[in-house]
Amino acid sequence: MSQTNTSLLTEVLQWSQETCRQELKSVLPKLTISSPAQPHCQSDSWEDQIRVLKIITDMFLPHIGLSELENECFSKILPKLGTIFDSMLKEIVDQVGGLSSQNTELCALLRSILQAMMQIIDALSTCVRHVGSFQEVPDLCAIRSLPVCILKVLRETFQHCKDSEVVYCGRLSLVADLLQGLFKESYSLQKGLLDLLDKISLNSSATEEEVSDIVTVIHSLLDICSIISNLDIALHANTWKFLIKLSLKNQSLVEEHLRHGDISRSLSDNLLSSCQNCVELAGQIQYAGLQETPLSPEYKLFQKTAKMCRFFANTLVHYIKEFKFFLTKYCGSFHQLYLQIISNFPPSLTAPALPSGLREELNAAARVPMDAFLLQLLPLRPFAEVVLQRELELSPEHELPHCLLLVSIMGHVAGQPEEVLQLWYSGSQFSEETPRLPLYQAVFTTFQRCQTERKLPVQLPGVMLKGQAQTQVSLHQHVCVQLCASLAVLPPVYFPMLERCLLDAVLQVDTQTALLATDVWCFMARYGTAELCLHHVLLIAQLVKVCAAECYQSSHLGSLLKRMVFLMTPNHQVELETHFPPSEVENLPVWHQVLLRALSQDIRQHVETHIISHTQKVLTDWQNEGYKLGQVGKVNVVLLSLLVVLRGQPSPGEQCVLSAVRIVTQLWPRMSPDQLQVRPALRSTLQQLLSLTSILVKSIEPQVIGHALLCVEAVVSTKCGDQLLLAALEFLSSLGKIFIPPDSQSQILPRLSSLFGFLLADTSWLLHQHALEAFSYFAENTNHEEVISQSLCVEDTKTKVVNYLSKTVNAQEEVGSRLQRLKQEMPVIKQHNEKLELDKENASNEGVAEASVDSEPCPKRPRQETSAEDEYSRYIQTAESALKALQALAEGKANSTAPPPDWLDSRLQEIQSLITQIRTS
């Protein structure tokens, strides 16, 4: 500073306020020019400049009018002031390495710099107070240099305070008091500036320069928010409040210029960070056992953090509401935010275990606002495209949150305008659109992926019914209830789409997903008209008819058909029988899936009569053709139909039982143990016969039971299917209901004990469990107690049976171990399901390929000529088998109270005469 300037400052300091006012025009330019444009690194230079600044702000500023502030003062001194402030911070960083309690000179230097920084902030506060003292509200252009300088100083100050532990590196205590004072002064300065800016409004005629200034202020506040997030909760919240308020106040002017991505991303990050901080604090409180002391510092900090969490959630919702059409490109981030928030709460498997009270507070702060968050995003097509992607890649911990997101959307979308319904319900309609699934299909697809959560199972709050407390329900029940509630208000125009989604879900490989779709479909049938129910039943029955019997699709469709028939009116059941008459063999797969007790009495009797008569006809034809193995498939179909008849009513009629017993007795002699081991088709026949015999066991003769045990013994030791073994267990357990005559006990009881012992020792948990159940039922009902002891010769088997009968509970698997096991099983299940899906696609492709070959029909198979000797042999075997069966039946009746029929003798004489004629011809 020159000698002239020094003299001027000395003189000015002696002036009164009146003199300053009078000399303002002549002296102020000299003072502003004396402020250096380049930074100085010497503290005495800074002191001189600050002295000039203080003289200007304290002595001359009060006399400068509002219209002259910017041009005469602010624009000349404030940019230089910002430069001086930067140089001070740089000097601290350069010198702080040598700071120590012994280096008093350096310590004094750094403290003097910090004090100078505080003086600059104080001078800026004086400027703010002066501007605020005017009666009229200033235009932003009248003070444009002031907010720019202040926000820069605040940003640098807060950053320095935030980095103080690193900057001062263990020597913070030497300057801590000044840093604390610097922060407080900056806090006060920001509050004053925000109050001032709050008074300023831009109208529609604002210039581009004014709009640019207000946008700069908003973005500067955003930068400050990112710095102070961990410094002071109140300051952070107030800064964000003003940022949003200023943005909305000038929305029409600034909305095209704001960095919407940065603002929304910062709000999302703050929300997620606050939520995670609450989780960590709650964990610390629980670990320290402080949840019962709400006045503890830890609990108070948790409450403050939860309050900030709620603030950021509500602020983000409000911001999206006002600027949603500028945020479409960030919908993927919003989707991820929702998943991350929801994954912090039960039933997510990654949710930490927290005290219930703290969890409820956090739930109200973070999770509850997510409903309003979704409501703002529903109309946005990019959000729907992100959520409904056909090939959405999610981490395993986000599968359940995504499922819950879809369920929540399903509940919110019902009251939306038509274009929103179309967006979510219909899926993509044109090839040029981004592919997206219909909402219902997405729900089923995501539910299918939550296999671990379904098996654990996770629990969710159920629907609160009037007069009943809210209970926890499974994921299946939760999704099912929400699907049905959504379906109840679904506009009719979307029903074809819904039907396609339900059918796709029923036909997919995952059984529980198919069951969910079945539950929803049945609700639709009950909620809708009877005609709609009939339409669906006829559709499902047709699909069952054309579907291969041995596939998972047939099983899923059959389960649906069973339940749907119960919902039909009697007149519509007549239509079902008319469309699929049970007298035709191609319709029998339909009736295999129908529980006959669901039919009205007249229809049931009609169907039973047709099935029994058709079964008898097929068996008679098979017998007449010499029991050809090529016809076993037809026999298996009609036997399954007969089984449906017997299982379709609690107590089958006498005539029905007699017919079934006659058929079963006729077939058992055809079951050769040697053929069963080499003819897979006969094993299916054996399975049906075992199931039929278990129902009719009280009417079956001991000789037939002995032959059945012989056949079972021949196949159980080989690698036969689980279904056959389960049928065998059903048959064995039914034997407990009858008394074996003494003359047959030696043939039956040892085999029975041997079979039980073998099946109880099976290593498959499924078969072992069924074996325990079957043996338990047999043991409770049988009179042949020696079978029980002889079946338990092996000590390990005996222990397992005793534990089962005494209902001993095995050691419970820990939740963590169980979860880990289920996660390890998932790849195996996924691979199995993919194989089933691939097999289905290959079968479909083969069918298409065969249908496309259109050259000429395949030639008929040439007739196989048979020799006369073969024909004689076939017919004599048939006659011999029939006579042996008749002999067994007659001997059995002779040992019982019921005599043979009167016409038997005359018919035998006719057969004897026929034999004589054949011999003499």
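Residues numbered from 1 in each chain as written. Predicted model: local features only at pLDDT ≥ 70, side-chain atom pairs only at ≥ 80, totals over all residues. Heavy atoms only, no water.

Overview of the overall build of the protein chain
Alright, step 1. When helices and strands are counted, the protein chain shows 43 helices and 2 strands.
Alright, step 2. Structurally, the protein chain occupies a C-alpha span of about 160 × 65 × 60 Å along its principal axes.
Alright, step 3. Counting only residues that meet the buried cut, the protein chain has 46% of its 921 residues in that class.
Alright, step 4. Put simply, of all contacts in the protein chain between residues at least 6 apart along the chain, 76% involve residues at least 24 apart.
Alright, step 5. Accessible area for the protein chain stands at about 46400 Å²; split by element, carbon and sulfur atoms hold 53% of it. (Helix = DSSP H or I, 4+ residues; strand = E, 2+ residues; numbered from the N terminus. Buried < 20%, exposed > 50% of the residue type's maximum accessible area, 1.4 Å probe, protein only. Contact = heavy atoms within 4.5 Å. Areas by Shrake-Rupley, 256 points an atom, 1.4 Å probe, with all protein chains shown as cover.)

Some thoughts on the pattern of salt bridges
Alright, step 1. Taken as a whole and assessed by the stated rule, the structure comprises 24 salt bridges.
Alright, step 2. Between D195 and K191 there is a salt bridge, with the nearest N and O atoms lying 3.4 Å from each other. Residue D195 and its partner K191 are located together in helix α9 (residues 176-199), separated by 4 residues, close to a single helical turn. (Salt bridge = Lys/Arg side-chain N within 4 Å of Asp/Glu carboxyl O.)

Here's the deal with unusual backbone geometry
Alright, step 1. Cis geometry is adopted by the peptide bond preceding P347, which originates at P346 and carries an omega value of 10°.
Alright, step 2. Within the fold, P347 resides in the loop between α15 (331-342) and α16 (356-367).
Alright, step 3. The amide bond that connects L456 to the next residue, P457, takes the cis arrangement and shows omega of -15°.
Alright, step 4. Locating P457 in the fold gives a position in the loop between α22 (451-455) and β1 (459-461).
Alright, step 5. Although it is not a glycine, Y627 adopts a positive phi angle of roughly 55°.
Alright, step 6. Structurally, the position occupied by Y627 is in the loop between α30 (601-624) and α31 (632-647).

Remarks on helix α34 (residues 680-695)
Alright, step 1. Counted at 1.5 Å a residue, the expected span for α34 with its 16 residues is 22 Å, and the 24 Å between its end C-alpha atoms agrees.
Alright, step 2. Looking only at α34, the buried set comprises L682, R683, T685, L686, Q688, L689, L690, S691, L692, T693 and S694. (Expected span 1.5 Å × (residues − 1).)

Focus on the packing of aromatic side chains
Alright, step 1. In this structure the tally under the stated criterion is 14 aromatic pairs.
Alright, step 2. On the numbers, 5.6 Å between centres and 5° between planes, the contact of Y425 with Y440 is stacked. Highlighted residues: Y425 in helix α20 (residues 418-425) and Y440 in helix α21 (residues 439-449), separated in sequence by 15 residues.
Alright, step 3. Judged by its relative accessible area of 1%, Y440 is buried.
Alright, step 4. Through a chain of ring-to-ring contacts, the aromatic side chains of F158, F183 and Y187 assemble into a single cluster.
Alright, step 5. Sitting over the face of the ring of F447, R454 holds its NZ or CZ atom 4.8 Å from the ring centroid. (Phe/Tyr/Trp six-rings, centres within 6.5 Å; stacked < 30°, edge-to-face > 60°. Lys NZ or Arg CZ within 6 Å of the ring centre and 35° of its normal.)

A look at the side chain of Q688
Alright, step 1. Checked against the element boundaries, Q688 lands in helix α34.
Alright, step 2. Residue classification places Q688 among the buried residues on the basis of a relative accessible area of 8%.
Alright, step 3. Setting aside anything within four residues of it in sequence, one finds Q688 in contact with N636, L639, L640 and L643.

Things to note about the state of the cysteines
Alright, step 1. Scanning the entire structure with this criterion turns up 0 disulfides.
Alright, step 2. Between C107, a cysteine without a disulfide, and C169, which holds the nearest cysteine sulfur, the sulfur-to-sulfur distance is 15 Å. (Disulfide = S-S within 2.5 Å.)

Digging into the packing of helix α25 (residues 511-527) against helix α27 (residues 552-565)
Alright, step 1. Closest axis-to-axis distance for the α25/α27 pair is 10 Å, and the angle between their directions is 25°. Comparing their axes, α27 and α25 come out roughly parallel. Seen along the crossing, α25 lies across α27 with a hand that is right-handed. Residue-level inspection shows T511, A514, L515, T518, D519, W521, C522 and A525 of α25 in contact with α27, the latter providing H556, L560, R563 and M564. (Axes fitted to C-alpha atoms, helices over the stretch in contact; angles between N-to-C directions. Parallel < 35°, antiparallel > 145°, perpendicular 65-115°, else oblique. Left-handed = near helix turned anticlockwise from the far one by under 90°.)

Details of the nonpolar core
Alright, step 1. Judged by nonpolar contacts, the single largest core of 284 residues is most densely connected at F60 and W424.
Alright, step 2. Per-element accounting of this core gives the leading share, 14 residues, to helix α6 (residues 104-132).
Alright, step 3. Leaving out residues up to four positions away in the same chain, W424 has contacts with L378, F383, A384, V387, L388, I409, V413, L437, P438 and L439. (Core = buried A, V, L, I, M, F, W, Y, C linked by side-chain atoms within 4.5 Å.)

A short note on the packing of α15 against helix α19 (residues 399-412)
Alright, step 1. One way to put it is that α15 packs onto α19 with a least axis distance of 9 Å and a crossing angle of 110°. When the axis of α15 is compared with that of α19, the two are roughly perpendicular. Two packed elements cross with a definite hand, and for α15 against α19 that hand is right-handed. In this structure, α15 contributes H335, Y338, L339 and I342 to the contact, and α19 contributes P401, H402, L404, L405 and S408.
Alright, step 2. In terms of residue class, the contact of α15 with α19 is built from 6 nonpolar, 3 polar and no charged. (Nonpolar A, V, L, I, M, F, W, Y, C, P; charged D, E, K, R; others polar.)

Let's talk about the confidence of the model for the protein chain
Alright, step 1. For the protein chain, the mean per-residue pLDDT works out to 86, and 91% of the residues sit at or above 70.
Alright, step 2. For residues 35-41, every residue scores under 50 in pLDDT, and the model assigns this stretch 14 contacts once sequence neighbours within four places are set aside.
Alright, step 3. Here residues 844-866 is modelled with pLDDT under 50, and outside its nearest four sequence neighbours on either side it reaches 1 contact, counting other chains as well. (pLDDT = per-residue confidence, 0-100.)

What about a nonpolar patch on the surface?
Alright, step 1. Nonpolar side chains collect at one region of the surface, where L883, L908, I911 and I915 lie side by side and expose about 300 Å² of accessible area between them.
Alright, step 2. Broken down by element, the nonpolar patch gets its largest block of residues, 3 residues, from helix α43 (residues 904-920).
Alright, step 3. I915 gets classed as partly exposed once you look at its relative accessible area, which sits at 36%. (Patch = residues over 30% accessible without salt bridge, like charges linked within 9 Å, V, L, I, M, F, W, Y side chains within 5 Å.)

What about the side chain of S274?
Alright, step 1. As for its placement among the helices and strands, S274 is situated in helix α13 (residues 260-288).
Alright, step 2. For S274, a relative accessible area of 8% translates into the label buried.
Alright, step 3. Contact partners of S274, with chain neighbours within four places excluded, come to T305, M308, C309 and F312.

Describing the environment of V828
Alright, step 1. With respect to the secondary-structure elements, V828 resides in helix α41 (residues 815-852).
Alright, step 2. Since its relative accessible area comes to 56%, V828 is described here as exposed.

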